Amino acid sequence: MRAVSVSHVTIRVLIVDDDALVRAGLSMMLAGADDLRIVAEAGDGAEVAPLVAEHAPDVVLMDIRMPRMDGLAATEALRARQGPPEVIILTTFDADEHVLRALRAGAAGFLLKDTPPGDIIDAIRRVAAGEPILSPSVTRRLIAHVAHTRPNPAQERLARLSDREREVVIAIGQGKSNAEIGSELYMSVATVKAHVSRLLAKLELNNRVQVALLAHDAGLV
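Residues numbered from 1 in each chain as written. Predicted model: local features only at pLDDT ≥ 70, side-chain atom pairs only at ≥ 80, totals over all residues. Heavy atoms only, no water.

### Some points on the UniProt feature "modified residue: 4-aspartylphosphate" (unreviewed entry) in the chain
Listed under "modified residue: 4-aspartylphosphate" (unreviewed entry) in the UniProt record, and renumbered for this structure, are Asp 63. In this structure, Asp 63 sits in the loop between strand 3 (59-62) and helix 3 (71-79). (UniProt positions renumbered as here; feature names shortened; annotations may be inferred. Helix = DSSP H or I, 4+ residues; strand = E, 2+ residues; numbered from the N terminus.)

Written out as structure tokens, the structure reads:
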């Protein structure tokens, strides 16, 4: 991955994992990044909502399997709140149903726990900056799943968009950055961002990952 840094901004991180050793390891790893600050830790998804309300993290690192409330349910509940933090699922499980449920719930990233430490740190920075992140193996599984999924109402949802908006959706589905979309469609980055914001509102979606999923489901990419 290309390193991404957020200048002069401290990214507040909440770690959620039922394994105390995993939490300790992540804490030590993230402590080496000057722009990241761990504001709290949780051992179960049921603890997430009150900790988010108290500490206002920018990014939540969320495990899946936990005793009372799993990370997927916690993500769904969290992203349904007003002004929620971004969520990165960090897990040992990459089953298709986990990936799709997490992304449709609004998670901005899905990484496996064997992801190199530097890539996890970069992922936190990217997600905090509004860029979705998927580990390569998860991306391959997701594309394979979509390729074998029957058509769904995604095409009807996209029918309400203008031709230009559909072009932006296709570019997002292809994984292009705002700068790449602007260059391809001859728009400024600010104009691309405005289009993306309107798309999210019009389609009632939380982030670019969900736009990309919709584009795949509609067969646009």
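### Section: the pattern of salt bridges
Following the criterion strictly, the structure yields 13 salt bridges and no others. For the salt bridge of Asp 44 with Arg 68, the shortest nitrogen-to-oxygen distance reads 3.8 Å. Of the two residues, Asp 44 sits in the loop between strand 2 (36-42) and helix 2 (48-55) while Arg 68 sits in the loop between strand 3 and helix 3, which places them 24 residues apart along the sequence. Here Glu 165 ties to Lys 202 by a salt bridge, and the two come within 3.0 Å at their closest N and O atoms. One end of the pair, Glu 165, is in helix 8 (residues 163-173); the other, Lys 202, is in helix 10 (residues 189-203), and 37 residues separate them in sequence. On the basis of relative accessible area, Lys 202 is assigned to the partly exposed category, the value being 32%. Because the salt bridges share partners, they merge into one network encompassing Asp 17, Asp 63 and Lys 113. (Salt bridge = Lys/Arg side-chain N within 4 Å of Asp/Glu carboxyl O. Buried < 20%, exposed > 50% of the residue type's maximum accessible area, 1.4 Å probe, protein only.)

### So, the sheet that holds strand 5 (residues 109-112)
Within the open sheet, the six strands sit side by side as 2-1-3-4-5-6. Their pairing is parallel. Of all the strands in the sheet, just strand 2 and strand 6 (133-134) have a single pairing partner and so form its edges. Docked against the sheet, helix 1 (residues 20-30) engages strand 1 (11-16), strand 2, strand 3 and strand 4 (86-91), running at close to 170° with respect to strand 2. (Pairing = 2+ DSSP bridges. Contact = heavy atoms within 4.5 Å. Axes fitted to C-alpha atoms, helices over the stretch in contact; angles between N-to-C directions.)

### Quick word on the pairing of strand 3
Here strand 3 shows no split at all, with Val 59 and Leu 61 on one side and Val 60 and Met 62 on the other all buried. As paired strands, strand 1 and strand 3 are joined by four bridges and run parallel to one another. Looking across to strand 3, one finds that Val 13 is bridged to Val 59. Pairing geometry for strand 3 and strand 4, over four bridges, is parallel. Its bridge partner being in strand 4, Val 60 is matched across the sheet by Val 87. Viewed along the sheet, the connection from strand 3 through helix 3 into strand 4 turns out right-handed. (Right-handed = clockwise from strand over helix to strand, strands pointing away.)

### A short note on the packing of helix 9 (residues 178-185) against helix 10
Interaxial distance between helix 9 and helix 10 falls to 8 Å at its minimum, and their mutual angle equals 105°. With respect to helix 10, the axis of helix 9 lies roughly perpendicular. Residues Asn 178, Ala 179, Ile 181 and Gly 182 of helix 9 pack against Val 189, Val 192, Lys 193 and Val 196 of helix 10. Looking at side-chain class alone, the contact of helix 9 with helix 10 contains five nonpolar, two polar and one charged residues. (Parallel < 35°, antiparallel > 145°, perpendicular 65-115°, else oblique. Nonpolar A, V, L, I, M, F, W, Y, C, P; charged D, E, K, R; others polar.)

### As for unusual backbone geometry
A positive phi is found at Ala 56, a non-glycine position, where the angle reads about 50°. Structurally, Ala 56 can be placed in the loop between helix 2 and strand 3. In this model, Tyr 186 sits at a positive phi of 60°, which is unusual for a non-glycine residue. Checked against the element boundaries, Tyr 186 lands in the loop between helix 9 and helix 10.

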